[in-house]
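This is what each chain is made of:
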Amino acid sequence: MKKNLLSLILLLLLVLQSCTTKKSMLYLQDLDSYSNSTLSYATTKIQPNDILKIDISDLNPVVAAPFNLTTSSSNSSVEMMKLSGYLVTPKGTIIMPILNEINVGGMTPSMAESKIKERLIGEGYLVNPTVMVRVLNNKFTILGEVNSPGVIPFTEESISLLDAIGLAKDLTYSAIRKDIKLIRESEGKRIVYHIDLTTTSWMSDPNYRIRQNDVIVITPNKLKVNSGGLIKDPIQLLGISASLISLFLLFKLQ
């Protein structure tokens, strides 16, 4: 009788541990429902403190040259391009050679390209120029329960939330996956999104793609908070606790 009771208790502890793990740990538990869903992308808008790389070309390179910032070919790294790029002021403006001040704040890179091209043609400088605008300092900040928190640069216009978590070396076991906080500054306002990573309901919303200067905050679970950060692996602790309880019951029932 005692052995049967002990076996039943052990089984219940294991089931409890596994159920808790599945509900709180697994990503995208309804992933099959997301298959063949329509994708949509949000275009990044230029913000104050962005650093822009602007290239202007024409059939005659000589006439386009004065509109480009000169950069030595030996110093063509991204960091050097940032130092010689166009810094967007708090007013959303940049200062370009000959064209002087241009307001690009709140525009997408393609909109800024069109505006610069219109000025070049409208003011009689170039006949059919090609303008390319790119943001050089795309980055996001990820804090909390990830294995590699910090400020992480990326070269794409935007990346997915899962990409961002992958760049941070994944979430820790202590992370609350049902309430990932995404903080974004847009058009003078601060917006906070709450994302449940255990579902796929957020994946089709373009607002949840990571853009430049986004901040991702991963909250620790109650066990981690109550322990003051001393416990790094609550799931492992749960297993140890179950083993200790089992040993106690084993001696108690003998």
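Residues numbered from 1 in each chain as written. Predicted model: local features only at pLDDT ≥ 70, side-chain atom pairs only at ≥ 80, totals over all residues. Heavy atoms only, no water.

Caption draft 1: View of the sheet that holds strand S9 (residues 189-195). Strands sit in the order S7-S6-S10-S8-S9 across an open sheet of 5 strands; the sheet is mixed. Unpaired on one side and paired on the other, strand S7 (150-153) and S9 mark the two borders of the sheet. Put simply, the sheet's adjacent strands are angled 20° from each other on average, direction ignored. Sheet topology places strand S6 (residues 139-144) next to strand S10 (residues 214-218); 5 bridges connect them, and they run parallel. Directly across from Thr-141, in S10, lies its bridge partner Val-215. (Pairing = 2+ DSSP bridges. Helix = DSSP H or I, 4+ residues; strand = E, 2+ residues; numbered from the N terminus. Axes fitted to C-alpha atoms, helices over the stretch in contact; angles between N-to-C directions.)

Caption draft 2: Structural view of the pairing of S10. Of the two faces of S10, only the one carrying Asp-214, Ile-216 and Ile-218 is buried; Val-215 and Val-217 on the other face are not. For strand S8 (residues 180-186) and S10, the ladder comprises 3 bridges, and the chain directions are antiparallel. By the bridge assignment, Leu-182 is partnered in S10 with Ile-216. (Buried < 20%, exposed > 50% of the residue type's maximum accessible area, 1.4 Å probe, protein only.)

Caption draft 3: The arrangement of the nonpolar core in detail. Ranked by internal contacts, the top residues of the largest apolar core, which has 23 residues, are Phe-140 and Ile-216. No other element matches the 3 residues that helix H5 (residues 161-167) contributes to this core. When sequence neighbours within four positions are dropped, the list of residues in contact with Ile-216 reads Phe-140, Thr-141, Ile-142, Leu-143, Leu-161, Ala-164, Ile-180, Lys-181, Leu-182 and Ile-210. Counting 19 residues, the second largest nonpolar core, distinct from the first, contains Tyr-86, Ile-94, Ile-102 and Ala-112. (Core = buried A, V, L, I, M, F, W, Y, C linked by side-chain atoms within 4.5 Å. Contact = heavy atoms within 4.5 Å.)

Caption draft 4: Quick peek at the sheet that holds strand S1 (residues 51-57). The strand order S2-S1-S5 describes an open sheet built from 3 strands, whose pairing is antiparallel. Whereas interior strands pair on both sides, the edge strands pair on one side only; in this sheet they are strand S2 (86-87) and strand S5 (130-135). Against the sheet, helix H4 (residues 109-122) engages S1 and S5, with an angle of about 145° to S5.

Caption draft 5: Looking closely at the confidence of the model for the chain. Mean pLDDT over the chain stands at 84; residues scoring 70 or higher make up 78%. Within the model, the stretch residues 16-20 combines pLDDT values under 50 with 4 contacts to residues more than four positions away or in other chains. (pLDDT = per-residue confidence, 0-100.)

Caption draft 6: Fine view of the packing of aromatic side chains. Taken as a whole and assessed by the stated rule, the structure comprises 3 aromatic pairs. Taken together, a centroid distance of 5.4 Å and an interplanar angle of 85° make the contact between Tyr-193 and Tyr-208 edge-to-face. With a gap of 15 residues between them, Tyr-193 in strand S9 and Tyr-208 in the loop between S9 and S10 connect regions that are remote in the sequence. In this structure Tyr-193 comes out as buried when scored by relative accessible area, which is 15%. (Phe/Tyr/Trp six-rings, centres within 6.5 Å; stacked < 30°, edge-to-face > 60°.)

Caption draft 7: Spotlight on the pattern of salt bridges. The full count for this structure, using the stated rule, is 5 salt bridges. Across the pair Asp-55 and Lys-53 runs a salt bridge whose closest N-O atoms are separated by 2.4 Å. Note that Arg-184 is salt-bridged to Asp-214, the shortest N-O span being 2.7 Å. In this pair, Arg-184 is assigned in strand S8 and Asp-214 in strand S10, connecting sequence segments 30 residues apart. Just as Arg-184 is buried, Asp-214 falls in that class too. (Salt bridge = Lys/Arg side-chain N within 4 Å of Asp/Glu carboxyl O.)

Caption draft 8: Representation of the pairing of S1. With 2 bridges joining them, S1 and S2 adopt antiparallel strand pairing. Among the inter-strand pairings, Ile-51 is bridged to a residue of S2, identified as Leu-87.

Caption draft 9: Representation of the side chain of Asp-58 in the model. Mapped onto the fold, Asp-58 is located in the loop between S1 and helix H2 (61-64). One buried charge, Asp-58, has no salt-bridge partner; the nearest side chain with opposite charge is Lys-117, at 9.2 Å. Within the structure, Asp-58 has its side chain in polar contact with the backbone nitrogen of Asn-60 (distance 3.1 Å). Beyond its immediate sequence surroundings of up to four residues, Asp-58 is in contact with Val-63, Ala-64, Leu-126, Val-127, Asn-128 and Pro-129. (Lys, Arg positive; Asp, Glu negative; His and termini not counted. Polar contact = N/O pair within 3.5 Å; in protein donor to acceptor, adjacent residues only side chain to side chain.)

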